[in-house]
Amino acid sequence: MPKSKIDFSSKNIKKKKFKIKRKVIIASSVLIASFLCVNVVSATFNYVEEKKQEKIQQQNEARAKMLEEERKRKEEEEARKRMVGVNHEAKAYTYDAVKVQEKLANYDYSNNGEKVVFLTFDDGASTTVTPKILDTLKENDVKATFFVTGSNIERGGEEAINLVKRAFDEGNAIANHSYSHDYKYLYPGRVLNLDNFLEDFKKTDELLKEILGPYFSTRVIRVPGGMMSWKEMEPLKEYLKENNMASIDWNALNRDAEGKKKTADELVQNAIETSKGKEMVVLLMHDTYGKEETAKALNQIIKYFKDNGYQFKTLS
Ligand SMILES: [Zn+2]
């Protein structure tokens, strides 16, 4: 009998089973290996992707931080611009001090047909007179410009500091009138010493920042004794021009710092007489110690300007 092509002998069947088993094992191993491989690749991929996302996130955060910083910087800059000697609400009462400076320098007291008065008070704050001045301004709902001196603020301590805050909060302008008010230091031999002058004004600037906040600044100054009183003032004028600042003298005064002491009535008359015929009036007065009569006269002075159609503005 010829041998069948298909060998059904048990030996062969075993052999075949073994082969199949082996194939299954190999196939399974390959499958498992590939599965593991895929997992490893996928894990690696995920890791790389995660790192990439992390980096993007970090970059986004850094960018957001940068934008936030830029926004804050701009905000501060805007705040600084808003706080030119007055608080934000009081902006409506301000008048460009550089223009006033130019007009005064040219003896041009016109204002396009509109009457405007700047009530200005020098040498404060004082704990005795400034509160009365502030009360009268408030009662009349008008604003003024206070040319303060740092030494007098320090002399008045906490009380004077609070008066500067109050003046500012109530919409008045705060301007710089030096720290020492010492003619011999500012103008030795009647000649300007610019270094001394700037250092002295800087002291009051810094004091005002301490009182009114770091964003407070004023570009308005008044030269102690008046610009016209001293020699070689050109370097100061150039400095002011370069820094977009203004020094404001006056074109009217109540004479509360001249000669013998005057009564409130006399002060009122002086204010009226020196203001007559002027569309733009910068009225010099003082709110320092001993100027009680000025405080008494203020109500009448305000009444005169109101009755004569003047608007009350501040220098900024
Ligand atoms: Zn003065």
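Residues numbered from 1 in each chain as written. Predicted model: local features only at pLDDT ≥ 70, side-chain atom pairs only at ≥ 80, totals over all residues.

**A word on the domain arrangement of the chain**
Next, step 1: By domain assignment, the chain separates into domain 1 (13-82) and domain 2 (83-315).
Next, step 2: Using only C-alpha atoms to locate each centre, domain 1 and domain 2 end up separated by 69 Å. (Domains from an automatic or database assignment.)

**Quick notes on the packing of helix H4 (residues 150-169) against helix H6 (residues 194-212)**
Next, step 1: At a minimum axis separation of 10 Å, H4 and H6 run at an interaxial angle of 50 degrees. Overall, the two elements H4 and H6 adopt an arrangement that is oblique. Of the two possible hands of crossing, H4 and H6 adopt the one that is right-handed. Touching Gly-150, Ile-153, Ile-161, Val-164, Lys-165 and Phe-168 of H4 are Lys-203, Thr-204, Leu-207, Ile-211 and Leu-212, all from H6.
Next, step 2: Split into classes, the residues belonging to the contact of H4 with H6 amount to seven nonpolar, two polar and two charged. (Axes fitted to C-alpha atoms, helices over the stretch in contact; angles between N-to-C directions. Helix = DSSP H or I, 4+ residues; strand = E, 2+ residues; numbered from the N terminus. Parallel < 35°, antiparallel > 145°, perpendicular 65-115°, else oblique. Left-handed = near helix turned anticlockwise from the far one by under 90°. Contact = placed C-beta atoms within 7 Å. Nonpolar A, V, L, I, M, F, W, Y, C, P; charged D, E, K, R; others polar.)

**Brief notes about helix H3 (residues 130-140)**
The α-helix winds at 3.6 residues per turn, so residues separated by three or four positions along the chain end up facing the same way.
Next, step 1: By the burial criterion, the buried members of H3 are Thr-130, Ile-133, Leu-134 and Leu-137. One face of H3 carries all of its buried residues, which in axial projection span an arc of 100 degrees.
Next, step 2: Buried-residue contacts for H3 involve strand S2 (116-122), H4 and helix H9 (292-307).
Next, step 3: Directly beyond the C-terminal end of H3, a positive phi value near 55 degrees is found at Asp-141. (Buried ≥ 20, exposed ≤ 12 C-beta atoms within 10 Å, placed from the backbone. Arc of directions from axis to C-beta.)

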